[in-house]
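A structural walkthrough
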There are 2 protein chains.
Amino acid sequence: MKNIVLRLMYDGKAYHGFQRQKNGVTIQEKIEDAIFEITGERTPLIGCSRTDAGVHAKSYVAMFASDSEIPMVQLPKALNSALPDDIRVMQSKIGPEDFHPIFSALEKTYEYTIINRRYNNVFLRDYAWFYPIPLSVERMQKASGYFIGEHDFAAFMAAGGTAKTSVRHVKNLSVTEEDGAIKIRITANGFLYNMVRIITGTLVYVGNGKLEPEDIKGIILSKDRRRAGMTAPPEGLMLVSTVYPDFTFEEI
Amino acid sequence: MKNIVLRLMYDGKAYHGFQRQKNGVTIQEKIEDAIFEITGERTPLIGCSRTDAGVHAKSYVAMFASDSEIPMVQLPKALNSALPDDIRVMQSKIGPEDFHPIFSALEKTYEYTIINRRYNNVFLRDYAWFYPIPLSVERMQKASGYFIGEHDFAAFMAAGGTAKTSVRHVKNLSVTEEDGAIKIRITANGFLYNMVRIITGTLVYVGNGKLEPEDIKGIILSKDRRRAGMTAPPEGLMLVSTVYPDFTFEEI
């Protein structure tokens, strides 16, 4: 048995998230079906993140154990032939014996896009949150600094998570604006359930004046979900990258 | 009667092009219906370009004559409420008395996107030509210079056009590459039917080695459509801007 690691890209619009479930088609199910079609093996695919319904991934790492002899250089093409065109396997590679897409990760980066102008960008209507009320990017940038560092992010966690601790280390958080699109980019050693979407919703409350940038400090300390902002909708969220200490895909 | 000029953005995926026709839903028809719903006027909408089925526009100028008293600042919102979400009216403004979206134009710019890597970018599958065979951007850049200037572009014109002359002035043509996406950007005083898509198909032939960069000169001089490359598919084409000497929309 070897660990086959895949680098995926998917448009989450048509799916009920990554993780297999009874009511709705998921990314995991589609790929497990493709693996079965190509290798004849019914094997569970372990993902690097439980992305919600409608959330997208530019680069998503997943792994399955396999006895298949198919060469790694041929596997992406073979799997893609069995997958719908909104899911692509970009690369595949044998991983370390003890590799785990979630537990081996050093850090992950997500990007959240907000269209902040009077009318939506038609090309991003499934890939961004359309928010027409003017937001102050400067205020959002000021607020972003308070998130950086190791904190207990209990106030930014939705019910339903399975994490043992709500302490996470946010290594970077940037807010940039170009052409009416605000991008929030967050890198952390791990994320709580809905953490990026709640941080985004809270930054939007700072941008529209409902909260002050300095309020973030107290909200974090309170560990009280009710004091943070709304949960931003899923379609603006994109998993951008996951970094491992002992494993990497070549640049393509 | 006044000339009301609209700046539109649309995703062409679901439409049979801009221009009204019997077999298929068009952008023109959708907007004329919205104008009727808002103003009660059945009036023809004149567009700046006859975009084909599947072609997109980031900024498209269209005009209609109207007696409506609706303030310009309210018109986009009103029309958008009557339009599907893949067409947006971004701005509206009273135009000069003799304004015509095509004949008044000084220049137009189109952008064509090619995904040139092994597997498609799932987010651009309706907005780019997926071409997995490696292309030499350097060769394409070398070829691009031959198009610039005033030439008879008869070799780059599809049958079915209505232009009186096939002489056009290409003011700029750039080929750039980023992250596996090749972008061809062309500015000209006007375009023949399918001109950008045939130029793109010809540049692709240069990129894959079927033609040499220097061949472009002879192909232009031949005025022979059969010597140029294939017509690139519509989904990669986007109208980016149209410039008028006496009319402009404010930056938004």
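A brief structural summary. Going along each chain's sequence as written, the residues are numbered from 1 onward. Think of it this way: whatever chain is written first is A, whatever ligand is written first is 1, and the rest follow in order. At least 70 in pLDDT is required for a residue's local features to be given in this predicted model, at least 80 for side-chain atom pairs to be given and counted, and no such filter applies to totals for whole chains, interfaces and linings, which use all residues. With hydrogens and water excluded, all non-hydrogen atoms of the structure serve as input to the side-chain values.

The subject of this paragraph is the environment of Lys 93 of chain B. Residues and elements named next belong to chain B. Here Lys 93 lies in strand S4 (residues 87-94). Residues Lys 93 and Leu 6, 87 residues apart in the sequence, show an inter-C-alpha distance of 6.7 Å. When residues no more than four places from it in sequence are discounted, the contact partners of Lys 93 are Asn 3, Ile 4, Val 5, Met 72, Phe 247, Thr 248, Phe 249 and Glu 250. By the criteria applied, helices consist of DSSP H or I runs no shorter than four residues and strands consist of E runs no shorter than two, each listed in order from the N terminus. Contacts are assigned to residue pairs that have any heavy atoms within 4.5 Å of one another.

The next point concerns the side chain of Thr 200 of chain A. Residues and elements named next belong to chain A. Here Thr 200 shows up in helix H4 (residues 195-207). Residue classification places Thr 200 among the buried positions, given a relative accessible area of 0%. Nitrogen and oxygen atoms within 3.5 Å of one another constitute a polar contact, given that in protein one can donate a hydrogen and the other can accept it, and given that sequence-neighbouring residues count only through two side-chain atoms. At 2.8 Å, the side chain of Thr 200 and the backbone oxygen of Val 196 are in polar contact. In this structure Thr 200 touches Tyr 112, Ile 114, Trp 129, Ile 184 and Ala 232, once residues within four positions along its chain are discounted. Exposure classes here rest on a 1.4 Å probe applied to the protein chains alone. A residue is buried below 20% of its type maximum, exposed above 50%, and partly exposed in between.

Centres within 6.5 Å are what make two rings of Phe, Tyr or Trp a pair, Trp counting through its six-membered ring; a difference in plane orientation under 30 degrees is then read as stacked, over 60 as edge-to-face, and the rest as tilted. What the rule picks out here adds up to 23 aromatic pairs over all chains. Measuring from ring centre to ring centre gives 6.2 Å for Phe 153 of chain A and Phe 156 of chain A, while their planes differ by 70 degrees; the resulting arrangement is edge-to-face. Considered together, Phe 153 of chain A and Phe 156 of chain A belong to a single accessibility category, that of buried residues. Put simply, the rings of Phe 99, Tyr 244, Phe 247 and Phe 249 of chain A touch in pairs and so form one group of aromatic residues. Seen from the ring of Phe 36 of chain A, Arg 42 of chain A lies directly overhead, with NZ or CZ sitting 4.5 Å from the centre. By the criterion adopted, a ring carries a charge over it if an Arg CZ or a Lys NZ lies within 6 Å of its centre and within 35 degrees of its normal. Lying over the aromatic face of Tyr 205 of chain B, Lys 210 of chain B brings its terminal NZ or CZ to 4.4 Å of the ring centre.

Now for the side chain of Glu 111 of chain B. Residues and elements named next belong to chain B. Here Glu 111 shows up in strand S5 (residues 107-115). Of the residues examined, Glu 111 reaches a relative accessible area of 11% and is grouped as buried. Separated by 2.7 Å, the side chains of Glu 111 and Arg 185 make a polar contact. In this view, Glu 111 contacts Lys 58, Lys 183, Ile 184, Arg 185, Gly 236, Leu 237, Met 238 and Val 240; residues no more than four positions away in its chain are not counted.

To continue, consider the pairing of strand S5 (residues 107-115) of chain A. Residue and element names in this part refer to chain A. Counted residue by residue, S5 has eight buried out of nine residues, so it is predominantly covered. Note that S5 and strand S10 (residues 237-243) share six bridges and pair antiparallel. By the bridge assignment, Tyr 112 is partnered in S10 with Leu 237. A pair of strands is treated as paired once DSSP finds two or more bridges between them. Sheet analysis places S5 next to strand S9 (residues 181-188), joined by eight bridges and oriented antiparallel. Within S9, the position partnered with Lys 108 by the bridge is Ala 188. Here S5 runs beside strand S6 (residues 129-130); their pairing, made up of two bridges, is parallel. Bridge pairing in S6 places Ile 115 opposite Phe 130.

Let's shift gears to the packing of helix H3 (residues 137-144) of chain B against helix H4 (residues 195-207) of chain B. Residues and elements named next belong to chain B. Note on geometry: axes are lines fitted to C-alpha atoms, helical ones only across the stretch in contact, with angles between N-to-C directions running from 0 to 180 degrees. Their axes nearest at 8 Å, the elements H3 and H4 cross at an angle of 130 degrees. Between H3 and H4, the angle is such that the two are oblique. As for the relative orientation of H3 and H4, their crossing is right-handed in sense. Across the interface between the two elements, Arg 139, Met 140, Ala 143 and Ser 144 of H3 pack against Leu 203, Val 204, Val 206 and Gly 207 of H4. When its residues are assigned to classes, the contact of H3 with H4 shows five nonpolar, two polar and one charged. Any angle that is under 35 degrees is reported as roughly parallel, and any over 145 degrees as roughly antiparallel; angles of 65 to 115 degrees are reported as roughly perpendicular and all others as oblique. For any helix crossing, the convention is left-handed if the near helix is rotated counterclockwise from the far helix by under a right angle, and right-handed if that rotation is clockwise. Throughout this entry, Asp, Glu, Lys and Arg are counted as charged residues, while Ala, Val, Leu, Ile, Met, Phe, Trp, Tyr, Cys and Pro are counted as nonpolar. The remaining residues, Gly among them, count as polar.

Coordinates in, geometry out; function isn't part of it.
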